[in-house]
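A structural walkthrough
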Amino acid sequence: MYYMTFDKNKKNVFSAIQPSGTMTLGNYLGAIKNWIPLQEEYNCIFSLVDLHTITVRQDPKEFHKNILEAYALFLACGVDSQKSIFFIQSHVHTHAELAWVLTCYTQFGELSRMTQFKDKSSRYSENINAGLFCYPDLMAADILLYNTHLIPVGIDQKQHVELARDIAGRFNGIYGDVFTIPEPLIPKVGAKIMSLQDPAKKMSKSDSNVNAYISVLDSEEDVLKKFKRAVTDSNSEIKYSGSLTGVDNLLNIYCCVTGRNINDAENEFRDKGYKYLKESVANAVTSEFKSIQSKFNTYIKDLGYIEKCYKEAAKEAYGISKEIISKVFSKVGFILK
Ligand code: TYM
């Protein structure tokens, strides 16, 4: 039933998401929605990066449930286990192994400059662990283990991808061509969906205000309620300003979901008020989520199927990654077993 033959003529795509609770509209529009069509054109490898998630303390029971739900949700969004390798990171031990090697080829100063580290260490000041600091090396390992050419991500991950490129280039400079140098694939619209409560901030699932983000599994009523409460501007004009206003964010979301461009959307809402705009965005989002939610409800009841998918995927991912890890081990001088 499962097979994965990598077509050598196609480029490889790798991307990942942390299974840390709910999946937001930001994750969906900035990343997952863009992964789906790539499956037709590229060799795709996707991962739920649970090793990354424990850089922030998790409740074990809740975390376990979140991982299974995230797996079901990705299948529901259209990640196709027949076309792509979709695995759980901790099932493939080469990730932790390569991460350690890369950590030894990364400078303290480089990791200190990561804005996500600065942001997370101020948000979780009671637990600034070394994992949070070395997180970009684990991410670099994820990417570099699969001869990745393209990494579809939202804009917030660009700095990490650039560091992965630098580390790969440095390693290749010392040992010859070991790693493929990857490129980020950042969508033109939707690369940064902002908080509904503070349009200057990224929409994030870790926001303490649940009205700031939409979850892909939110009910129709909740979606409408949250959009109705969304912050807009003080005048009533519906125009895209390009300066991160609440209206810009709503127009962006609307365009991402409906596939319309900003000019068309501005014309559509020209003489309408904010209430109409908010209801239209909510309706568009709800209708996008409807079939995902119904598929999710089917997949989550079939844990046997989910287990079969992730186990098979882990074998395939390991099969590919072990070639790179052996090459790396041998280049640095380890004795291969
Ligand atoms: P994570 O789990 O925070 O987010 C997963 C994906 O969602 C995108 N994203 C957004 N896009 C637009 N607007 C937003 N508000 C928004 N919030 C999140 C992210 O850019 C990302 O593409 N470190 C990564 C996971 C990771 C990874 C990797 C990604 C680990 N290894 C290798 C790519 C390749 C992270 O924490 O993403």
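Overview of the environment of T298
Secondary-structure assignment places T298 in helix α12 (residues 274-299). By relative accessible area, which is 53% here, T298 ends up exposed. Taking the C-alpha atoms as reference points, T298 and W100, separated by 198 residues in sequence, lie 39 Å from one another.

Focus on the state of the cysteines
By the definition in use, this model includes zero disulfides. The thiol of C134 is unpaired, and the distance to the nearest cysteine sulfur, on C104, comes to 9.3 Å. Looking at the unpaired C309, the closest cysteine sulfur is the one in C77, lying at 15 Å. Given a relative accessible area of 2%, C309 falls into the buried group.

Side note on the pattern of salt bridges
Tallied over the full model, the rule gives 18 salt bridges. Between D218 and K226 there is a salt bridge, with the nearest N and O atoms lying 2.8 Å from each other. K226 carries the same exposure label as D218, and that label is buried. Counted as one network, the salt bridges with shared partners bring together E40, D80 and K83.

Quick notes on the packing of helix α3 (residues 60-77) against helix α13 (residues 303-332)
The contact between α3 and α13 brings their axes to 11 Å, and the two run at 85°. When the axis of α3 is compared with that of α13, the two are roughly perpendicular. Across from L68, Y71, A72 and L75 in α3, the residues of α13 making contact are L303, Y305, I306, C309 and Y310. Each residue belonging to the contact of α3 with α13 can be placed in one class, and the counts come to nine nonpolar, no polar and no charged.

Thoughts on the pairing of strand β3 (residues 85-88)
Residues I85 and F87 of β3 are buried on one face, and the alternating residues F86 and I88, pointing to the opposite face, are buried as well. Examined bridge by bridge, strand β2 (residues 43-48) and β3 share four bridges and lie parallel to one another. Bridge assignment links I45 to a residue of β3, and that residue is I85.

Digging into the domain arrangement of the protein
What the domain assignment reports for the protein is domain 1 (12-189 + 302-332) and domain 2 (210-296). Here the C-alpha centroids of domain 1 and domain 2 sit 29 Å apart. Across the boundary between the two partners, domain 1 contributes 13 residues, which contact 16 residues of domain 2. Taken together, the two surfaces of domain 1 and domain 2 that pack against each other cover about 1300 Å², and 75% of this comes from carbon and sulfur. Looking at the side of domain 1 facing domain 2, the largest losses of area belong to L25, A76 and V189, adding up to 39% of the total buried there. Across the contact surface, domain 1 and domain 2 share one salt bridge. Two residues, E288 and K33, come together in a salt bridge whose shortest N-O distance is 3.0 Å. Counting the contacts that link domain 1 with domain 2 gives five residue pairs in polar contact (both at pLDDT 80 or more). At the level of elements, α1 (25-41) and α3 are the ones that each hand at least two residues to the side of domain 1 that touches domain 2.

Here is what the cut-offs are and how they apply
Residues numbered from 1 in each chain as written. Predicted model: local features only at pLDDT ≥ 70, side-chain atom pairs only at ≥ 80, totals over all residues. Heavy atoms only, no water. Helix = DSSP H or I, 4+ residues; strand = E, 2+ residues; numbered from the N terminus. Buried < 20%, exposed > 50% of the residue type's maximum accessible area, 1.4 Å probe, protein only. Disulfide = S-S within 2.5 Å. Salt bridge = Lys/Arg side-chain N within 4 Å of Asp/Glu carboxyl O. Axes fitted to C-alpha atoms, helices over the stretch in contact; angles between N-to-C directions. Parallel < 35°, antiparallel > 145°, perpendicular 65-115°, else oblique. Contact = heavy atoms within 4.5 Å. Nonpolar A, V, L, I, M, F, W, Y, C, P; charged D, E, K, R; others polar. Pairing = 2+ DSSP bridges. Domains from an automatic or database assignment. Buried area = accessible area lost by both parts, 1.4 Å probe. Polar contact = N/O pair within 3.5 Å; in protein donor to acceptor, adjacent residues only side chain to side chain.

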